[in-house]
Amino acid sequence: MLEISDLTVKYGAIQALTGVSLRIGQGQLVGILGANGAGKTTLLRTISGIVDPTGGTISLNGSNITQRKADDIVRLGIAHVPEGRGIFPDLTVRENLIVGAYTRRSRSEVHADYASMLEMFPSLARRERQDGSMLSGGEQQMLALARALMARPTLLLADEISLGLAPVITQQVFEHLKALRERGITVMLVEQNANLVMKNADYIYVLKHGQIVLQGTAQELAANKDLTDAYLGE
Ligand code: ATP
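Fair warning: this is a prediction, and the values are worked out from it, not measured in the lab.

Peer 1: What is the right way to read the pairing of strand β3 (residues 29-33) from this model?
Peer 2: Two faces make up the sheet, and in a regular strand the side chains alternate between them. Counting buried residues along β3, five of its five residues qualify, which places the element largely inside the surrounding structure. Residues Leu29, Gly31 and Leu33 of β3 are buried on one face, and the alternating residues Val30 and Ile32, pointing to the opposite face, are buried as well. Where β3 lies against strand β8 (residues 186-191), five bridges are found, and the strand directions are parallel. When the bridges of β8 are listed, Leu29 appears paired with Val187. Here β3 pairs with strand β9 (residues 203-208) via four bridges, running parallel.

Peer 1: Can you walk me through the site of the ligand in this structure?
Peer 2: As a matter of local geometry, the ligand sits amid 14 residues, with Asn36, Gly37, Lys40, Thr41 and Thr42 nearest to it. Here Thr42 contributes a side-chain N or O atom positioned 2.5 Å from an oxygen atom of the ligand. Burial of the ligand by the protein amounts to 62% of the accessible area it has alone, namely 630 Å². Contributions of two or more residues to the shell around the ligand are made by β2 (14-24) and α1 (40-47). A per-element tally of the shell around the ligand places α1 first, with three residues. For the shell around the ligand, the class distribution of residues is five nonpolar, six polar and three charged.

Peer 1: So what exactly am I meant to see when it comes to the packing of helix α6 (residues 137-149) against helix α7 (residues 167-182) here?
Peer 2: Working note: a packed helix pair is described by the angle between its axes plus the distance between those axes. It is at 10 Å that the axes of α6 and α7 come closest, and there the two elements cross at 15°. Classified by the interaxial angle, the pair formed by α6 and α7 is roughly parallel. Judged by the twist between their axes, the crossing of α6 over α7 is right-handed. Here Gly138, Met142, Leu145 and Leu149 of α6 come into contact with α7, specifically with Ile169, Gln172, Val173, His176, Leu177 and Leu180.

Peer 1: Looking at this structure, how should I read the sheet that holds strand β7 (residues 155-159)?
Peer 2: Sheet strands line up and pair through hydrogen bonds in the backbone, either parallel or antiparallel. Pairing in this open sheet of six strands is mixed, and the strands run β6-β7-β8-β3-β9-β10 from one edge to the other. Lying at the two open borders of the sheet, with one neighbouring strand each, are β6 (78-81) and β10 (211-216). The mean angle between the axes of side-by-side strands here comes to 20°, regardless of whether they run parallel or antiparallel. Pairing analysis gives four bridges linking β6 to β7, with the strands arranged parallel.

Peer 1: Any chance you could explain the pairing of β7 here in plain terms?
Peer 2: Of all the five residues making up β7, five are buried; the element is thus mostly covered by neighbouring parts of the structure. Side chains Leu155, Leu157 and Asp159 of β7 all project onto a buried face; the interleaved residues Leu156 and Ala158 project onto the opposite face, where all are buried too. Relative to β8, β7 runs parallel, the two being bridged by five bridges. Following the sheet pairing, Leu155 is matched in β8 by Thr186. Traced from β7 through α7 to β8, the parallel crossover comes out right-handed.

Peer 1: Explain the layout of surface pockets here, please?
Peer 2: With a probe scaled to a water molecule rolled over the atoms, the places where space remains empty come into view. In this model, the largest pocket occupies a volume close to 460 Å³. Lining the largest pocket are 21 residues, with Val74, His80, Pro82, Tyr102 and Arg147 sitting closest to its centre. Mapped by element, the contributors of at least two residues to the lining of the largest pocket are α1, α2 (70-75), β6 and α6. Classifying every residue of the lining of the largest pocket by side-chain character gives twelve nonpolar, four polar and five charged.

Peer 1: Could you clarify how one ought to interpret unusual backbone geometry in this entry?
Peer 2: In most cases, non-glycine residues show a negative phi, while peptide bonds are predominantly trans. Although it is not a glycine, Arg152 adopts a positive phi angle of roughly 50°. Within the secondary structure, Arg152 is located in the loop between α6 and β7. With a phi close to 50°, Glu160 is a non-glycine residue in the positive phi region. Along the chain, the position of Glu160 falls in the loop between β7 and α7.

What counts and how
Residues numbered from 1 in each chain as written. Predicted model: local features only at pLDDT ≥ 70, side-chain atom pairs only at ≥ 80, totals over all residues. Heavy atoms only, no water. Buried < 20%, exposed > 50% of the residue type's maximum accessible area, 1.4 Å probe, protein only. Helix = DSSP H or I, 4+ residues; strand = E, 2+ residues; numbered from the N terminus. Pairing = 2+ DSSP bridges. Near = heavy atom within 4 Å. Polar contact = N/O pair within 3.5 Å; in protein donor to acceptor, adjacent residues only side chain to side chain. Areas by Shrake-Rupley, 256 points an atom, 1.4 Å probe, with all protein chains shown as cover. Nonpolar A, V, L, I, M, F, W, Y, C, P; charged D, E, K, R; others polar. Axes fitted to C-alpha atoms, helices over the stretch in contact; angles between N-to-C directions. Parallel < 35°, antiparallel > 145°, perpendicular 65-115°, else oblique. Left-handed = near helix turned anticlockwise from the far one by under 90°. Contact = heavy atoms within 4.5 Å. Right-handed = clockwise from strand over helix to strand, strands pointing away. 1 Å grid on protein atoms, 1.4 Å probe; cavity = no way out; pocket = protein on both sides within 12 Å on 5 of 7 lines; lining within 4 Å. Points joined across faces, edges and corners; volume = space filled by probe spheres on them.

Put into structure tokens, the structure is as follows:
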């Protein structure tokens, strides 16, 4: 459903991505691994239309979306859980979730989805009227995920969703991601935590200095452990 071809991104003189090509099929959970500064966040921000590429193309279900603006990209079905969660601390849980549906027209559908988010994330239901800032780290991450789902994405981009979470909470978040995959939602996640990705992703790309240096299933990468460790700097 997502096809990226020869993508290049520069920030002034800094070349953040060089000739990145990848394909993600519908309903796959794909992991992007790489050390600090490898270009993982840049890749997600470019797909989301937040950063403009200097070259290459991004296609969604066969249409070229490379030049589309960020809010168009959301309308086309791509939602982004940003690094650091990006929830609004002074808005309530409810308000944060409703903001996630800003591109949608049908109020009744938004309300139905809101109810289903509270069902999916009971800890958010308990804190519906509290400000985002009152939530624990794990709850904030659930809120960021639920807010992205309020856009009814077909492709979810998640940036370092495990960062700062206790392992048991991380596992809960990943169970949610796997449940989304069962519903046919494609998930692309960026992580520094290689074990987590190796355990959960259908296919993995490894980025280094803005280039894809390795790709395969977890089994394929595990069979090549020395190489994988070398690229991940472990
Ligand atoms: P991290 O895990 O630390 O977020 P990352 O793999 O997500 O790392 P990016 O944040 O995409 O990597 O950064 C890729 C390169 O681009 C790095 O060299 C970084 O310093 C640079 N970079 C990122 N954002 C900007 C920006 N807004 N302006 C200038 N350079 C940037």
